[in-house]
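Architecture at a glance
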Amino acid sequence: IDISTNINGIKISSCIMNASGILCCTEKELYNLMMSSSGAVVTKSCTIKPRKGNLKPRYFEWKGGSINSMGLPNLGIDFYLNFLEKKNSKKPFLLSISGLSIEENYLILRKANISSNMNAIELNLSCPNLLEKDKILGYDFSKISDFLENLFQFYKKPLGVKLPPYFEDFHFRKMAFILNKYPIYFVTCINSLPNGICIDINKESVVIHPKKGFGGIGGLSIKPFALANVRKFYTYLRKDIPIIGCGGICTGKDVFEYILCGASAVQIGTQFLKEGIPVFDRLIKELITILKNKNYSSLNSFKGKLNVF
Ligand SMILES: O=C(O)c1[nH]c(=O)[nH]c(=O)c1I
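Computed from a predicted structure; not experimentally measured.

1. Points about the overall build of the chain
A tally of regular secondary structure across the chain gives nine helices and 16 strands. Over its C-alpha trace the chain gives a radius of gyration of 18 Å, about what one expects of a compact globule, namely 19 Å for 309 residues. Projecting the C-alpha coordinates of the chain onto the three principal axes gives extents of approximately 55 × 50 × 45 Å. A burial count over the chain gives 59% of its 309 residues as buried. Nonlocal contacts in the chain, meaning residues at least 24 apart in sequence, comprise 75% of its contacts between residues at least 6 apart. Surface exposure of the chain reaches about 13,600 Å², of which carbon and sulfur atoms provide 57%. Across the chain, the centroid of the 40 positively charged side chains sits 3 Å from that of the 24 negatively charged ones.

As structure tokens, then:
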């Protein structure tokens, strides 16, 4: 049973990897991921300079998932480029970047342009928790269009984008129309659902400090929206743009559902934080069991073949 995948030439041994932001910020976390069964390593979104992020508590878990307003804590682009330079593993690395402005993204990309050791950039267009900014770039279609038009004039290396969830067909079509104009390496759907709140009824309060308790929602409760985003972009994007699914994956069955919707690979966020490194081995085992029972030999046997009726 083959659960490997190929993202535009990047061969990934197992289609299951970590989601940016989860246990992928420090040298130790990146090393552990590099040595794990995660098919690839996705780094924490980075900025030009290191950031402490928002005040705590900024993360909270409940059985339905997670809420976070981390505020983009990271060690800065130079740390991640240096880690990539000195790593000695063949495992693919996706370097996630998330500048606080278009200009900062340019600065980061120029630095990344000279690094040879990453397999691709995952350009984060969807961080919902930045106090400094009021808008999620992924919802500003004209700004994105101008940004990508300029970016691809100078950036010629593999680059994919991480999108926020969309909900209206018009928005999926609009975003796909923009992305279809460029050599986009992959699209990761979705980032957390922006600006939810969770409540502690004992304290009669919110559960995280930043932004009066508003934060990105992840985990099981967002899976229906994430599956829908994968399916919509699978329908509207150029067939040569692979989709990486992300959002609420807890079991091998969830992984199967994403591939059925058209994903070529998946990323694990909240469940990875809850379970740790062993989550990858468990999900691989569960996915292989499902493929065996259904007599599928690889992901291509059923990728995108979701039935409607
Ligand atoms: O608050 C964060 O650091 C964060 N949190 C998220 O849920 N998604 C993101 O892309 C980011 I950059």
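2. Looking at the layout of surface pockets
Estimates place the volume of the largest pocket at around 740 Å³. Lining of the largest pocket is provided by 44 residues; of these, Ser20, Gly21, Ile22, Asn68 and Met70 occupy positions nearest its centre. Among the elements of the structure, strand E6 (65-68), strand E14 (215-218), strand E16 (265-268) and helix H8 (270-275) are those that each provide at least two residues to the lining of the largest pocket. Per element, the largest residue contribution to the lining of the largest pocket is four residues, and it comes from H8.

3. Topic: unusual backbone geometry
In this model, Lys56 is joined to Pro57 through a cis peptide bond whose omega is 0 degrees. Mapped onto the elements, Pro57 comes out in the loop between strand E4 (41-42) and strand E5 (59-62). That bond from Cys189 to Ile190 is cis: its omega, 0 degrees, falls within 30 degrees of zero. Along the chain, Ile190 turns up in the loop between strand E10 (187-189) and strand E11 (193-196). Backbone geometry at Leu23 places phi at a positive 45 degrees, although glycine is not the residue there. Position of Leu23 among the secondary structure elements: in the loop between strand E3 (16-18) and helix H1 (27-34).

4. Digging into the packing of helix H6 (residues 223-236) against helix H7 (residues 252-261)
Across the interface, H6 lies against H7 with an axial gap of 8 Å and an inter-helix angle of 25 degrees. Taken as axis vectors, H6 and H7 run roughly parallel relative to one another. Between H6 and H7, the contacting residues are Lys223, Ala226, Leu227, Val230, Arg231 and Tyr234 on the first element and Lys253, Asp254, Glu257, Tyr258, Leu260 and Cys261 on the second.

5. Focus: the site of the ligand
Taken together, the residues surrounding the ligand are Lys44, Asn68, Met70, Gly71, Leu72, Pro73, Asn124, Cys127, Pro128, Asn129, Asn191 and Ser192. Leu72 is positioned with one of its backbone polar atoms (N or O) 2.8 Å from an oxygen atom of the ligand. Here Ser192 contributes a side-chain N or O atom positioned 2.8 Å from an oxygen atom of the ligand. In the complex, the protein chains occlude 92% of the 320 Å² of accessible area that the ligand would expose alone. Of the residues in the shell around the ligand, the class split is five nonpolar, six polar and one charged.

6. Some points on the sheet that holds E6
Through backbone hydrogen bonds, the strands of a sheet pair up, either in parallel or in antiparallel fashion. The strand order E5-E6-E14-E11 describes an open sheet built from four strands, whose pairing is antiparallel. Since the sheet does not close on itself, it has two edges, and those belong to E5 and E11, each with one partner. Within the sheet, the average angular offset between the axes of one strand and its neighbour, ignoring direction, is 30 degrees. Note: E6 against E14, three bridges, orientation antiparallel. Across the sheet, Ser66 pairs through a bridge with Gly218, a residue of E14.

7. With respect to the nonpolar core
Grouped together as the largest cluster of nonpolar side chains are 101 residues, with contacts concentrated most on Ile16, Leu95, Ile121, Leu123, Leu151, Leu163 and Phe233. Apart from the residues within four sequence positions on either side, Leu123 is in contact with Ile97, Asn105, Phe147, Leu148, Leu151, Leu159, Gly160, Val161 and Lys162.

8. Regarding the environment of Glu61
Note that Glu61 resides in strand E5. Sequence separation between Glu61 and Gly218 is 157 residues, and the spatial gap between their C-alpha atoms is 9.3 Å. Here the side chain of Glu61 touches Tyr59 through a polar contact of 3.0 Å, side chain to side chain.

9. Overview of the confidence of the model for the chain
On average, the chain scores 96 in pLDDT, and the residues at 70 or more come to 99%. Here the complex is predicted with pTM 0.98, and the ipTM for its interfaces comes to 0.99.

10. A short note on the pairing of strand E7 (residues 93-97)
With five of five residues buried, E7 is to be regarded as a mostly interior element. The alternating pattern of E7 places Phe93, Leu95 and Ile97 on one face and Leu94 and Ser96 on the opposite face, and all of these are buried. Sheet analysis places E4 next to E7, joined by two bridges and oriented parallel. If you follow Val41 over to E7, its bridge partner there is Phe93. Two strands pair when backbone bridges link them, and E7 and strand E8 (residues 120-124) are joined in this way by four bridges, in the parallel orientation. Opposite Ser96, over in E8, you have Glu122 as the bridge partner.

Rules behind the numbers
- Residues numbered from 1 in each chain as written.
- Predicted model: local features only at pLDDT ≥ 70, side-chain atom pairs only at ≥ 80, totals over all residues.
- Heavy atoms only, no water.
- Helix = DSSP H or I, 4+ residues; strand = E, 2+ residues; numbered from the N terminus.
- Rg over C-alpha atoms; globule rule 2.2 N^0.38 Å.
- Buried < 20%, exposed > 50% of the residue type's maximum accessible area, 1.4 Å probe, protein only.
- Contact = heavy atoms within 4.5 Å.
- Areas by Shrake-Rupley, 256 points an atom, 1.4 Å probe, with all protein chains shown as cover.
- Lys, Arg positive; Asp, Glu negative; His and termini not counted.
- Charge placed at Lys NZ, Arg CZ, Asp CG, Glu CD.
- 1 Å grid on protein atoms, 1.4 Å probe; cavity = no way out; pocket = protein on both sides within 12 Å on 5 of 7 lines; lining within 4 Å.
- Points joined across faces, edges and corners; volume = space filled by probe spheres on them.
- Axes fitted to C-alpha atoms, helices over the stretch in contact; angles between N-to-C directions.
- Parallel < 35°, antiparallel > 145°, perpendicular 65-115°, else oblique.
- Near = heavy atom within 4 Å.
- Polar contact = N/O pair within 3.5 Å; in protein donor to acceptor, adjacent residues only side chain to side chain.
- Nonpolar A, V, L, I, M, F, W, Y, C, P; charged D, E, K, R; others polar.
- Pairing = 2+ DSSP bridges.
- Core = buried A, V, L, I, M, F, W, Y, C linked by side-chain atoms within 4.5 Å.
- pLDDT = per-residue confidence, 0-100.

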